[in-house]
Amino acid sequence: MQQAKFSCKENQVEFLNNYKNYGFKDKSAMVREALNRLREELESQKLKESADLYAETYVEDSELKVLTDSAAQGWPE
């Protein structure tokens with residue numbers, strides 16, 4: 001496993017030092033979990049923003065509505 005060096009504020013170091021209280025075997029496991037959760041949250045946010053943009057485009061573009069409606073004809077609801 002690769003290692004990375006980074007700096008933390010004092011309160012963040014104190015939080016990391018309590019890794020056992022949160023059920024982690026070591027500080028590295030806690031940081032890995034935090035990074036995984038942050039990545040998932042950022043990806044989810046990006047997906048939501050993309051969906052919002054598509055929804056906005058659909059509302060504003062009458063040709064797209066017609067095309068989408070015609071493609072959806074015959075599909076079960």
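Residues numbered from 1 in each chain as written. Predicted model: local features only at pLDDT ≥ 70, side-chain atom pairs only at ≥ 80, totals over all residues. Heavy atoms only, no water.

(A) Local environment of the overall build of the protein. Broken down by element type, the protein carries 3 helices and 0 strands. Ordered by position from N to C terminus, the α and β elements of the protein give α-α-α. In terms of overall dimensions, the protein is more spread out than a globule: its C-alpha atoms have a radius of gyration of 23 Å, far above the 11 Å expected for 77 residues. If one aligns the C-alpha atoms of the protein with their principal axes, the spans along those axes are about 60 × 25 × 25 Å. A total accessible area of about 7,500 Å² is found for the protein, and carbon and sulfur atoms account for 53% of it. (Helix = DSSP H or I, 4+ residues; strand = E, 2+ residues; numbered from the N terminus. Rg over C-alpha atoms; globule rule 2.2 N^0.38 Å. Areas by Shrake-Rupley, 256 points an atom, 1.4 Å probe, with all protein chains shown as cover.)

(B) Quick look at the packing of helix α2 (residues 27-60) against helix α3 (residues 62-72). One way to put it is that α2 packs onto α3 with a least axis distance of 5 Å and a crossing angle of 100 degrees. Taken together, the axes of α2 and α3 are roughly perpendicular relative to one another. Along the contact surface, α2 presents Thr57, Tyr58, Val59 and Glu60, while α3 presents Ser62, Leu64, Lys65, Thr68 and Asp69. Taken together, the residues of the contact of α2 with α3 break down into 3 nonpolar, 3 polar and 3 charged. (Axes fitted to C-alpha atoms, helices over the stretch in contact; angles between N-to-C directions. Parallel < 35°, antiparallel > 145°, perpendicular 65-115°, else oblique. Contact = heavy atoms within 4.5 Å. Nonpolar A, V, L, I, M, F, W, Y, C, P; charged D, E, K, R; others polar.)

(C) Focus on α3. One side-chain oxygen at the N-terminal end of α3 lies 3.1 Å from the backbone nitrogen of Glu63; it belongs to Asp61. Just past α3, the residue Gly74 takes up positive phi, approximately 90 degrees. (Polar contact = N/O pair within 3.5 Å; in protein donor to acceptor, adjacent residues only side chain to side chain.)

(D) Layout of the packing of helix α1 (residues 10-17) against α2. The N-to-C vectors of α1 and α2 enclose an angle of 110 degrees; their axes lie 9 Å apart at closest approach. Comparing their axes, α2 and α1 come out roughly perpendicular. Only Lys27, Met30 and Val31 of α2 make contact with α1, whose side of the interface consists of Phe15, Leu16 and Asn17. Across the contact of α1 with α2, the residue classes break down as 4 nonpolar, 1 polar and 1 charged.

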